[in-house]
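If you want the building blocks of each chain, they are given just below.
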Amino acid sequence: LNTGVNFGITPKFNGSIDMNYRVNKFNFYTTLSTNLGQSRNRGNIVTETYNGIDNNIMSINLKNDNKNYFTKTGLDFYLNDKSTLSFYTIQSFNDNEGFFRTDVNYTTGTNSNISQIFNPSGNDKNETYNLAYRYKFDKADKTLDFELNYNRNRDPENSNFFDGDYNLTKTNQILNKGNNLIFNADFVTPVSESAKIETGIESRLDGTKNNFDINYLY
């Protein structure tokens, strides 16, 4: 059991539980962890133009709330002294909501001051599933591995834009989805105490889909 806290402008908390249990030919393990906290940033950018016109001060105020949850659970099955079959899955969830305000105040010239407030929120999800097989030959360090790995993720974001008086000016709806499938085989054999030969093959399939709407219109 691990837990901790990190103090900046605001505190951030983290914790995890790691468990492992082996009995006979089976080995079970799992990890559960979380990170919770808020990030704050403030700053000013002073711009002085060469001709003295359009000098301005940009003020930035950022706040972001994050909640992240992660789990990995797996199983190793020792078929015999030479063969091992393994499976694990990773599940990750992230909730975030941000507040970003930018104000540009012109100290010279005729430009009007500008204010914009940006409020994004999202609920991300990432999944991984992995299946592997290893065979150990009688010769030391001579192995044959097969692995199949599948990953998919979903990353939505809903954003609202306001002027300095909190009047809604625009909305964005963004959805990014991806999936990835990898298969590989790997063979390793030593040829001397200081050299080995490794060969293998890998196949990879990637897919992605991205949608971007403004004011709920494609």
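Presented here is a report on the structure given in the accompanying data block. In this text the structure is predicted, and so the values were computed from the model without any measurement. The numbering scheme is per chain: residues are counted from 1 as the chain's sequence reads. Where local features are concerned, this predicted model is filtered to residues with pLDDT of at least 70; where side-chain atom pairs are given and counted, the filter is 80 or more; whole-chain, interface and lining totals use all residues. As a convention, hydrogens and water are excluded, and side-chain values are obtained from all of the structure's heavy atoms.

Across a regular strand the side chains alternate sides, sitting on one face of the sheet and then on the other. Here strand 6 (residues 114-136) runs beside strand 7 (residues 143-163); their pairing, made up of 19 bridges, is antiparallel. By the bridge assignment, phenylalanine 118 is partnered in strand 7 with phenylalanine 161. Whether two strands pair comes down to DSSP finding at least two bridges between them. Elements are defined by DSSP. Helices are runs of H or I of four residues or more, strands are runs of E of two residues or more, and each kind is numbered from the N terminus. Linking strand 6 back to strand 7 in an antiparallel pair, the connection comprises six residues, with aspartate 141 at a positive phi of about 65°. Where strand 7 meets strand 8 (residues 168-190), 20 bridges bridge the pair, whose relative direction is antiparallel. By the bridge assignment for strand 8, leucine 144 is matched with phenylalanine 187. If you look at the hairpin formed by strand 7 and strand 8, you'll find four residues sitting between the two strands, and tyrosine 166 has a positive phi there, around 65°.

A few words on the pattern of salt bridges. For salt bridges, the criterion is a side-chain nitrogen of Lys or Arg within 4 Å of an Asp or Glu carboxyl oxygen. The final tally for this structure, using the stated rule, is six salt bridges. A salt bridge links arginine 134 to aspartate 145, with the nearest nitrogen and oxygen atoms 2.8 Å apart. A residue pair is termed long-range when its members are at least 10 positions apart, and arginine 134 in strand 6 and aspartate 145 in strand 7 qualify at eleven residues. Partly exposed residues are those whose accessible area sits between 20% and 50% of the maximum for their type, while under 20% is buried and over 50% is exposed, using a 1.4 Å probe and protein chains only. Judged by relative accessible area, which is 36%, arginine 134 ranks as partly exposed. Classification of aspartate 145 as buried rests on a relative accessible area of 17%. The salt bridge involving glutamate 202 is made with arginine 204; its shortest N-O contact spans 3.4 Å. Classification of glutamate 202 as partly exposed rests on a relative accessible area of 48%. Taking relative accessible area as the criterion, arginine 204 reaches 46% and is therefore assigned partly exposed.

As a further point, take the environment of isoleucine 114. With respect to the element layout, isoleucine 114 can be found in strand 6. For isoleucine 114 and threonine 102, which are twelve residues apart along the polypeptide, the C-alpha to C-alpha distance reads 8.0 Å.

What follows concerns unusual backbone geometry. Despite not being glycine, aspartate 54 has its phi angle at roughly 65°, a positive value. Relative to the elements of secondary structure, aspartate 54 occurs in the loop between strand 3 (26-47) and strand 4 (56-78). Even without being glycine, tyrosine 166 reaches a positive phi, approximately 65°. By secondary structure assignment, the location of tyrosine 166 is in the loop between strand 7 and strand 8.

Following the sequence through the fold, isoleucine 182 ends up in strand 8. Sequence spacing of isoleucine 182 and glutamate 202 is 20 residues, and the spatial spacing of their C-alpha atoms is 7.1 Å. Contacts: residue pairs with any heavy atoms within 4.5 Å of one another. Dropping the residues within four chain positions of it, isoleucine 182 is found in contact with Glu147, Leu148, Asn149, Glu202, Ser203 and Arg204.

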